[in-house]
Amino acid sequence: MLKGFTLPKSPFGQAALTPPPPWHYSGDAIGVEFWTDPDAVAATLPPGLSPDPKSNGCAVMMFLEWQFTAQDDEYLDPARYQYREAFVLLDAMYRDMPVRWCPYVFVDNDAALARGWTQGFPRKMGSIFQTRTYAAASPAAAPLTAGARFGASLSAHGQRLAEARITLRKPAEDRLSLFGRPIVLLRYFPRLAVGYRDRPAVNELTMLITDNPTVAEAWIGDGELNLPEVRGEELHVLAPVAIESGFRCSLSYSVTDLRILEDHSA
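Reading the values: rules and limits
- Residues numbered from 1 in each chain as written.
- Predicted model: local features only at pLDDT ≥ 70, side-chain atom pairs only at ≥ 80, totals over all residues.
- Heavy atoms only, no water.
- Helix = DSSP H or I, 4+ residues; strand = E, 2+ residues; numbered from the N terminus.
- Rg over C-alpha atoms; globule rule 2.2 N^0.38 Å.
- Buried < 20%, exposed > 50% of the residue type's maximum accessible area, 1.4 Å probe, protein only.
- Contact = heavy atoms within 4.5 Å.
- Areas by Shrake-Rupley, 256 points an atom, 1.4 Å probe, with all protein chains shown as cover.
- Phe/Tyr/Trp six-rings, centres within 6.5 Å; stacked < 30°, edge-to-face > 60°.
- Lys NZ or Arg CZ within 6 Å of the ring centre and 35° of its normal.
- Salt bridge = Lys/Arg side-chain N within 4 Å of Asp/Glu carboxyl O.
- Polar contact = N/O pair within 3.5 Å; in protein donor to acceptor, adjacent residues only side chain to side chain.
- Pairing = 2+ DSSP bridges.

K.L.:
Mind showing me how you'd approach the overall build of the protein here?
P.N.:
Looking only at helices and strands, the protein features three helices and 14 strands. Relative to a compact globule of 266 residues, whose C-alpha radius of gyration would be 18 Å, the protein shows 19 Å and is just as compact. Taken along its principal axes, the extent of the C-alpha atoms in the protein is 55 × 45 × 35 Å. Counting only residues that meet the buried cut, the protein has 47% of its 266 residues in that class. Sequence-distant contacts in the protein: of pairs separated by 6 or more residues, those separated by 24 or more amount to 67%. When the accessible surface of the protein is split by element, carbon and sulfur atoms take 54% of a total near 13,500 Å².

K.L.:
How do you make sense of the packing of aromatic side chains when you look at a structure like this?
P.N.:
Both the distance between ring centres and the angle between the ring planes are used here to describe each pair of aromatic rings. The final tally for this structure, using the stated rule, is six aromatic pairs. With a centroid separation of 6.0 Å and an interplanar angle of 85°, the aromatic rings of Phe5 and Trp23 are classed as edge-to-face. Placement of Phe5 in the segment before β1 (23-35) and of Trp23 in strand β1 is noted, with a sequence separation of 18 residues between them. If you follow Arg115 out to its NZ or CZ, it ends over the ring of Phe68, 3.7 Å from the centre. The aromatic ring of Phe121 is capped on one face by Arg123, whose charged end is 5.0 Å from the ring centroid.

K.L.:
I keep staring at the pattern of salt bridges and nothing clicks. Help me out?
P.N.:
Across all of its chains, the model carries 15 salt bridges by this definition. A salt bridge links Asp91 to Arg181; the nearest nitrogen and oxygen atoms lie 3.5 Å apart. Pair noted here: Asp91 is in strand β4 (residues 82-94) and Arg181 is in the loop between β9 (159-171) and β10 (183-189), with a separation of 90 residues, a long-range link. Classification of Asp91 as buried rests on a relative accessible area of 3%. Among the ionic contacts, a cluster of salt bridges with common partners joins Glu33, Asp52, Asp91, Arg100 and Arg181.

K.L.:
Quick question: what am I supposed to make of helix α3 (residues 110-119) here?
P.N.:
Along an α-helix, residues three or four positions apart point the same way, because every turn accommodates 3.6 residues. Buried residues dominate α3, accounting for seven of its 10 residues. Every buried residue of α3 is accounted for by Ala111, Ala112, Leu113, Ala114, Arg115, Gly116 and Gln119. Among the residues of α3, the N-terminal cap falls to Asn109, whose side-chain oxygen and the backbone nitrogen of Ala111 are separated by 2.8 Å. Gly120, located one to two residues past α3, shows a positive phi value of around 120°.

K.L.:
Help me understand the pairing of strand β7 (residues 127-130) in this model?
P.N.:
Along a regular strand, successive side chains alternate from one face of the sheet to the other. Side chains Ile128 and Gln130 of β7 all project onto a buried face; the interleaved residues Ser127 and Phe129 project onto a face where none is buried. Relative to strand β8 (residues 149-156), β7 runs antiparallel, the two sharing four bridges. If you follow Phe129 over to β8, its bridge partner there is Ser153.

K.L.:
Could you clarify how one ought to interpret the environment of Glu163 in this entry?
P.N.:
Mapped onto the secondary structure, Glu163 falls in strand β9. The sequence separation of Glu163 and Trp219 amounts to 56 residues, and the corresponding C-alpha distance is 19 Å. Once residues within four sequence positions are removed from consideration, Glu163 is found in contact with Ala152, Ser153, Glu224, Leu225 and Asn226. At 3.0 Å, the side chain of Glu163 and the side chain of Arg160 are in polar contact. One polar contact links Glu163 to Arg165, side chain to side chain, over a distance of 3.4 Å.

K.L.:
It is not clear to me how the side chain of Thr69 should be interpreted in this structure. Could you clarify?
P.N.:
Relative to the elements of secondary structure, Thr69 occurs in strand β3 (residues 58-69). On the accessibility criterion, Thr69 (14% relative accessible area) is buried. A polar contact is formed between the side chain of Thr69 and the backbone nitrogen of Glu74, at a distance of 2.9 Å. Every residue in contact with Thr69, bar those within four places of it in the chain, is listed here: Pro22, Trp23, His24, Glu74 and Tyr75.

Laid out in structure tokens, this is it:
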């Protein structure tokens, strides 16, 4: 019997792109909270979600460096299980529940790509970088102090899709505010067979379930975000009309389950 949680299935299951859950994540994040065109937000929403009348147009762009492990010390293989990520989240409503919808996300690792598609993250490959902080004092250390500056960028296919700058001002009082709204995703797998292409094999509105979310060393401050228009992408349509704030933090959580909100599969 072939084994493996994801493809490729193999005799011993070691060739699979990602191991079975539980999945554990730890990382550093740089982000910018901003306001964008409410009509642009509404245009991205799948069936089952609606604009949030109280905060329509509210969004956040995050850049992250992750270290991952499952149950077999995968973090000891950093070449395979460290990765970078960038995504945008938009305020929305699922029935009467405030949520955040993820329309676009990029990673630089195929294992992360597979895990994301399993959950419903619409992950694509990209190149993501961010300023790191180091304990040894240096002009290049980017310490977590008032006035420290951090940058981040996202590129794909040789084109710059996003660039952020933040200046730290003070420690964040509400460290868990990033987890204030659950994240809603779309698991979608089309059929290739003629006559079935408008009847996807999987079409599920899902909700990300995170266990033990933890935020540490959270700082807030000023933020800048540029989303230039590039061919083959639509992230620029969500360009900021106003900036709320910038932030930098470390965070961790685990994934053991997924909630299916609605199933529209054929």
